[in-house]
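# An overview of the molecular structure
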Amino acid sequence: MKFKTLGASGLSVSEICLGTMTWGNQNTQQEANEQIEYALDQNINFIDTAEMYPVPPSEKTYGGTETIIGNWLKDNTHRREDFILASKIAGNGLPYVRNGGDITGQTVTEAIDASLKRLQTDYIDLYQLHWPNRTSPHFGKHHPNFISFSDVNAEEHTAGMLDILQAIDNAIKQGKIRHFGLSDDTPWGINQYIKLSEEHNLARVTSIQNEFNLLHTKDWPYLIENCVHQNVAYLPWSPLAGGVLSGKYLNGARPAGSRWCHAQRNGLFRDTECTHQAVSRYMQIAKEFNITSSQLALAWCKQVDGVTSTIIGATSMAQLKEDIAAFEIELSEEALTQVSDVLRDFPAPF
């Protein structure tokens, strides 16, 4: 297993981060336990969760994934130091989470305490904002004029960021969290938090996790360049684009128990004609080089300059083993050239 430094934190993290968003819905406590133990045995030392998990989110399951991790930690307290644990506060829009309101300093404090209780631990290594209060160009909202940046009151949002950052800084001083990260944000968001931390001597942003995969490369080059030069770790989530890059949804297929069989909060926005054409091409490349299409996607993702640790998720041990094995694959120049050809033909398939 290879390791990289998590931004300016000084923490050394495995290039694989174990995602957990299916635990409590598609996966049971026993299955989650097996995944945790297998990942740790493979020297993966980075696990990511969130208060709103499992997905698709619902009032009934809210907090369920953190509870599952907490149950494992209760039975394995001696292993807490073996890994870096990341969690996230949900943003606005979920009526059953703080009445759907914005993230504020007060809600950060409340959410951290609630997560610590569910996780049954004294501290969270990396605490992240799941999405910003303003609408950001994620979950299929990245096309020109889909959202309006001009309607955002930058001064108002910056004041809100300062309130959040002050609460984060206080939680770090109390030892409840160790580092602070973002998710589903932009270069402006990253740089505003950095500016505020410098102006007010507060905690500095350590990382950002955004969707990044062979079907969704919008963060390259501008956001990733920003991360490299600002020493902010870049953590791709959904490197398999919600599983579609595995090829399992081609020709309208919906395998029993798969994610696309469940109602999705943002809909099946990746389900387009161009997506499936691109996936078919990637599958042909994978077959030529005797790997699976999932492994092609993961091996490609991890070799992108600026990527720190890739967040993977699986609903079965077979999938988890296949995905972890992908990080031992070094794609040849020929394979990378063929992948680049598809990227040029399908730069934004959804």
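Here the structure is shown first, and the text comes after it.
Summarised in this report is the structure supplied together with it. (Residues numbered from 1 in each chain as written. Predicted model: local features only at pLDDT ≥ 70, side-chain atom pairs only at ≥ 80, totals over all residues. Heavy atoms only, no water.)

## Here we look at the overall build of the protein chain
Within the protein chain one finds 10 helices and 10 strands. In terms of overall dimensions, the protein chain has C-alpha extents of about 55 × 50 × 35 Å along its principal axes. When burial is assessed residue by residue, the protein chain has 56% of its 350 residues classed as buried. In the protein chain, once contacts between residues fewer than 6 apart in sequence are set aside, the share between residues at least 24 apart is 78%. (Helix = DSSP H or I, 4+ residues; strand = E, 2+ residues; numbered from the N terminus. Buried < 20%, exposed > 50% of the residue type's maximum accessible area, 1.4 Å probe, protein only. Contact = heavy atoms within 4.5 Å.)

## Some points on the packing of helix α2 (residues 64–75) against helix α3 (residues 105–119)
Running from N to C, α2 and α3 cross one another at 50°; their axes reach a closest spacing of 6 Å. On the basis of their axis angle, the class for α2 and α3 is oblique. Within the contact between the two elements, α2 uses E66, T67, I69, G70 and L73 and α3 uses S115, R118 and L119. Its residues assigned to classes, the contact of α2 with α3 shows 3 nonpolar, 3 polar and 2 charged. (Axes fitted to C-alpha atoms, helices over the stretch in contact; angles between N-to-C directions. Parallel < 35°, antiparallel > 145°, perpendicular 65-115°, else oblique. Nonpolar A, V, L, I, M, F, W, Y, C, P; charged D, E, K, R; others polar.)

## A closer look at the side chain of S115
Relative to the assigned elements, S115 resides in helix α3. Within the local environment of S115, its side chain forms a polar contact with the side chain of E66, the two groups lying 2.8 Å apart. Not counting the four nearest positions on each side in its chain, S115 is found in contact with E51, E66, S87 and I124. (Polar contact = N/O pair within 3.5 Å; in protein donor to acceptor, adjacent residues only side chain to side chain.)

## Concerning the environment of D323
Looking at the element boundaries, D323 is found in helix α9 (residues 317–325). For the pair D323 and D82, spaced 241 residues apart in the sequence, the C-alpha separation amounts to 21 Å. Residues within four places of D323 in sequence aside, it is in contact with L240, S294, L298, I312 and G313.

## What about the state of the cysteines?
Scanning all chains against the criterion turns up 0 disulfides. For C17, which is in no disulfide, the shortest distance to another cysteine sulfur is to C301 and amounts to 12 Å. With no disulfide partner, C227 has as its closest neighbouring cysteine sulfur the one in C301, 13 Å distant. A relative accessible area of 1% means that C227 is categorised as buried. (Disulfide = S-S within 2.5 Å.)

## Details of the pattern of salt bridges
For the structure shown, the criterion picks out 16 salt bridges. One salt bridge connects D341 with R344, and the closest N-O pair in it is separated by 3.9 Å. Within this pair, D341 and its partner R344 are both found in helix α10 (residues 333–345), separated by 3 residues, close to a single helical turn. Three or more residues joined by partner-sharing salt bridges are found here, namely E51, E66, R98 and R118. (Salt bridge = Lys/Arg side-chain N within 4 Å of Asp/Glu carboxyl O.)

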